[in-house]
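Residues per chain are reported as follows:
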Amino acid sequence: EHFLPPEITEALQTLNSQTTAFSWSIIESALRTELGDTIHEFDIDHTPIGTASLSQVHRAVHKATGEQVVFKVQYPNIADAVDSDLDLFRQLLKVTNVVPQTRQLDAWFEEIRDLLHHEVNYLLEADTTELFFQRFVGDSRYVVPRILKAYSTDRLLCMTYEDGVSILDEQVFVLPQGRRNAIGQASIEIMLREIFEWGDMQTDPNFGNYLIRLAQKPNTQQPDTQLDQLVLLDFGAIRQFDDNLLLIARNLLLAGFFHDRGKMRQAIDQAGEYFGFFANLSDSVKNDMVELCLLASEPFSLPSRNPTIPPNVLDVHGNYIWAESDLHNRVIKLASKSATSKSFSVPPKELMFISRKFIGAYTFMTVLDARTKAHDLMATFTSEDWA
């Protein structure tokens, strides 16, 4: 919305927020095609519990076991529409002339094309969901659905039903500050572990991919009564990063944590060894980018090292108040200075996914009105010896 014309932005927001459900007859036909006779093993609710751009989700009960599951049903012919839709959007950008038509932009589109083809292959998503299920199996802060492989195909995903409320639910807004902080901490920790430990990242951090399972009162019979949990629902947009990019991302974050301009410049210079975008920047633009990266990493920086944090953004305990930071506007204002330089071009396609993740995390934390402490966020991944 900060770059595209208002008419295009409004149209895209309408598509994003008003996805229309397909009729049951179409979905039933798709289910019969994928499940065959095993469709009769389930009582399937005809009304979807969720709709999105690629699929819709229907709740069901396995008749023999009584287990509650959901079917993520891909819309008919959606996989075949990926290429034509992307080509149409590419023409839209060309007509509006909002970005330069370069080989770097071509690389961006090919990366998006590859990711979308990956997203419409549900067997790949099933494998990734199982991987994250195993990663979180011992951590009661998180819930990941269990995949039922016997009823899953490349166009249909069957998994256990996991309940929860949207982050936008009024019940979440009225939670005590400490509980919202804990939810926010759990959310950000995933992103940091993706960068520092696992090397793969969920690059589609929209609100529809998360639920919050609120803790019940201690005297109820529900499981996990004492802890609010983050329910992770969608692993179709997982992106594996190479070691060079991960090293750059880690060094940028660590330099931001210690608010170290020298280390930040080293990280940007090191990025130039792998990406021409950074190598081709003028010295003055690189210095501007140092300031930009230091600002963007403000929520992860130690207040004792970062004198530029606005006073109103920290509470009395030294926690960062995401909702009060106005960070997105400050970053955009500073970034516009570098973007006008002649040495500035379309950034590497790999940075698109990391920046998208950070923007999603910022939005999540802002809406949740969570507060976090930089040391608690980064303690597992760094030490004072690094600075």
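Okay, so let's go over this structure. What you see is a predicted model, and the numbers here were worked out from it, not measured in a lab.

## A few points about the packing of aromatic side chains
One pass over the structure, following the stated rule, counts 19 aromatic pairs. Taken together, a centroid distance of 5.7 Å and an interplanar angle of 80° make the contact between Phe136 and Trp198 edge-to-face. In this pair, Phe136 is assigned in helix H5 (residues 122-136) and Trp198 in helix H7 (residues 177-198), connecting sequence segments 62 residues apart. Just as Phe136 is buried, Trp198 falls in that class too. Clustering of aromatic rings is evident, with ring pairs tying together Phe132, Phe136, Tyr142, Trp198 and Phe235. The ring centre of Tyr122 lies 5.2 Å from the NZ or CZ of Lys72, which sits over that ring. The residue whose ring lies beneath Arg90 is Phe109, and the NZ or CZ to ring-centre distance is 5.2 Å.

## Quick look at the nonpolar core
Core analysis: the biggest nonpolar cluster contains 68 residues, and Ile188, Leu192, Leu230, Leu232, Phe300 and Met378 have the highest contact counts within it. Sort the elements by how many residues they give to this core and H7 lands first, with 9 residues. With sequence-adjacent residues up to four places away left out, Leu230 is seen in contact with Arg141, Tyr142, Val143, Ile183, Ala186, Ser187, Ile190, Tyr210, Leu211, Ile212 and Phe364. If you look at the next biggest cluster of nonpolar residues, it comprises 32 residues, including Tyr75, Ile78, Ala126 and Ile147.

## Description of the sheet that holds strand S5 (residues 142-143)
If you trace the 3 strands from one edge of the open sheet to the other, you get S5-S9-S8, paired in mixed fashion. Edge positions in the sheet fall to S5 and strand S8 (210-213), since each has one partner strand and no second. As defined by bridge partners, S5 adjoins strand S9 (residues 229-232) across 2 bridges and the pair is classed as parallel. Paired with Val143 across the two strands is Val231, which belongs to S9.

## Some thoughts on the pattern of salt bridges
Scanning all chains against the criterion turns up 29 salt bridges. In this structure, Asp127 engages Lys149 in a salt bridge whose closest nitrogen and oxygen atoms are separated by 3.0 Å. In this pair, Asp127 sits in helix H5 while Lys149 sits in the loop between S5 and strand S6 (156-160), placing the two residues 22 residues apart along the sequence. Accessibility expressed as a relative area gives 37% for Lys149, which makes it partly exposed. In the salt-bridge network here, residues are joined through shared partners; they are Asp83, Asp87, Glu110 and Arg113.

## Some words on the environment of Asp315
Within the secondary structure, Asp315 is located in the loop between helix H11 (283-296) and strand S11 (320-321). Linking Asp315 and Arg371, residues 56 residues apart in sequence, is a C-alpha distance of 8.5 Å. Apart from the residues within four sequence positions on either side, Asp315 is in contact with Ile321 and Arg371. Looking at Asp315, its side chain comes within polar contact range of the main-chain nitrogen of Asn319, at 2.8 Å.

## Quick notes on the environment of Leu292
By the secondary structure assignment, Leu292 is in helix H11. Each C-alpha atom of the pair Leu292 and Ala335 lies 6.5 Å from the other, and the pair is 43 residues apart in sequence.

## Let's talk about the side chain of Asp315
Take Asp315: its relative accessible area is 15%, and that puts it in the buried class. A distance of 2.9 Å separates a polar atom in the side chain of Asp315 from the backbone nitrogen of His317.

## Notes on the side chain of Glu111
Summarising the element assignment, Glu111 is placed in helix H4 (residues 103-119). Judged by its relative accessible area of 10%, Glu111 falls in the buried class. Filtering out sequence-adjacent residues up to four positions away, Glu111 remains in contact with Arg239, Lys349, Met352 and Phe353.

## Structural notes on a nonpolar patch on the surface
On the surface, Leu168, Phe173 and Val174 cluster together into a nonpolar patch covering about 280 Å² of accessible area. Along the chain, the position of Phe173 falls in helix H6 (residues 170-173).

Rules behind the numbers
- Residues numbered from 1 in each chain as written.
- Predicted model: local features only at pLDDT ≥ 70, side-chain atom pairs only at ≥ 80, totals over all residues.
- Heavy atoms only, no water.
- Phe/Tyr/Trp six-rings, centres within 6.5 Å; stacked < 30°, edge-to-face > 60°.
- Helix = DSSP H or I, 4+ residues; strand = E, 2+ residues; numbered from the N terminus.
- Buried < 20%, exposed > 50% of the residue type's maximum accessible area, 1.4 Å probe, protein only.
- Lys NZ or Arg CZ within 6 Å of the ring centre and 35° of its normal.
- Core = buried A, V, L, I, M, F, W, Y, C linked by side-chain atoms within 4.5 Å.
- Contact = heavy atoms within 4.5 Å.
- Pairing = 2+ DSSP bridges.
- Salt bridge = Lys/Arg side-chain N within 4 Å of Asp/Glu carboxyl O.
- Polar contact = N/O pair within 3.5 Å; in protein donor to acceptor, adjacent residues only side chain to side chain.
- Patch = residues over 30% accessible without salt bridge, like charges linked within 9 Å, V, L, I, M, F, W, Y side chains within 5 Å.
- Areas by Shrake-Rupley, 256 points an atom, 1.4 Å probe, with all protein chains shown as cover.

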